[in-house]
Amino acid sequence: MSTETKTLTNADAKIQPKLGVKALVQIGMLSAIAIILMMFEIPLPFAPTFYKIDLSEVPVLVGCFAMGPMAGVLVELLLNFVMTGTSTAGVGEIANFIIGCSFCVPAGLIYRKNRTRKSALIGMATGTLLMIVIGCFVNGFVLLPTYAKAFGMPIDALVGMGTAVNSHITSLSTFVMFAVAPFNLVKGIVVSLVVFLIYKKISPIFRIR
């Protein structure tokens, strides 16, 4: 192997984070923090009461930024599947996992290429937009119909719960447009803001820039 090839190999090794024992411990720690944060939910005035925002995605996004997207996926996995056995046979957990990854993974990928504040902002904005799109699709076609079936109520009953807090909600499509989309927008902005404010302060824990 030439000197140039060795140099490139060493450079690649430095760029690509390894999930060693320390990283796995940190992933477990972030998952535990995420589970605790999930318990503190805040209702939003424009959506039914079963849509509540929490900060559980903050540790997931921190994991993506600190150790790479795969670490964030593992945190998200532990967060959503450590507590199972719901009446929806895990559909809610799978949906939350997909929506959470749609936000954090793109942000982590973009930030990984260029570790700057600007890159972080672009990544979080991209992740927020993708979360809105995927969140609307998953809620409209999977999650809400599954919940309606699980609790033995017509989908119109769920729509009616939305109408009670927002008169613009009159159908499943308007429910997604005026409740689900704004919910994910607010969540993406809040989580992004928190991570943007705290990340550089806590990054020495992970020995990154």
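This text goes with the structure placed above it.
Residues numbered from 1 in each chain as written. Predicted model: local features only at pLDDT ≥ 70, side-chain atom pairs only at ≥ 80, totals over all residues. Heavy atoms only, no water.

A word on the packing of aromatic side chains. Tallied over the entire structure, the rule returns ten aromatic pairs. An angle of 35 degrees between the planes, with centres 4.4 Å apart, marks the rings of Phe65 and Tyr111 as tilted. Of this pair, Phe65 sits in helix 3 (residues 57-67) while Tyr111 sits in helix 5 (residues 91-113), and the two are 46 residues apart along the sequence. Among the residues examined, Phe65 registers a relative accessible area of 2% and is labelled buried. With a relative accessible area of 1%, Tyr111 lands in the buried category. (Phe/Tyr/Trp six-rings, centres within 6.5 Å; stacked < 30°, edge-to-face > 60°. Helix = DSSP H or I, 4+ residues; strand = E, 2+ residues; numbered from the N terminus. Buried < 20%, exposed > 50% of the residue type's maximum accessible area, 1.4 Å probe, protein only.)

Glancing now at a nonpolar patch on the surface. Residues Leu77, Phe81, Ile94 and Ile98 make up a contiguous nonpolar surface patch of roughly 310 Å² in combined accessible area. When residues of the nonpolar patch are traced back to their parent elements, those giving at least two are helix 4 (69-81) and helix 5. Here Ile98 shows up in helix 5. (Patch = residues over 30% accessible without salt bridge, like charges linked within 9 Å, V, L, I, M, F, W, Y side chains within 5 Å. Areas by Shrake-Rupley, 256 points an atom, 1.4 Å probe, with all protein chains shown as cover. Salt bridge = Lys/Arg side-chain N within 4 Å of Asp/Glu carboxyl O.)

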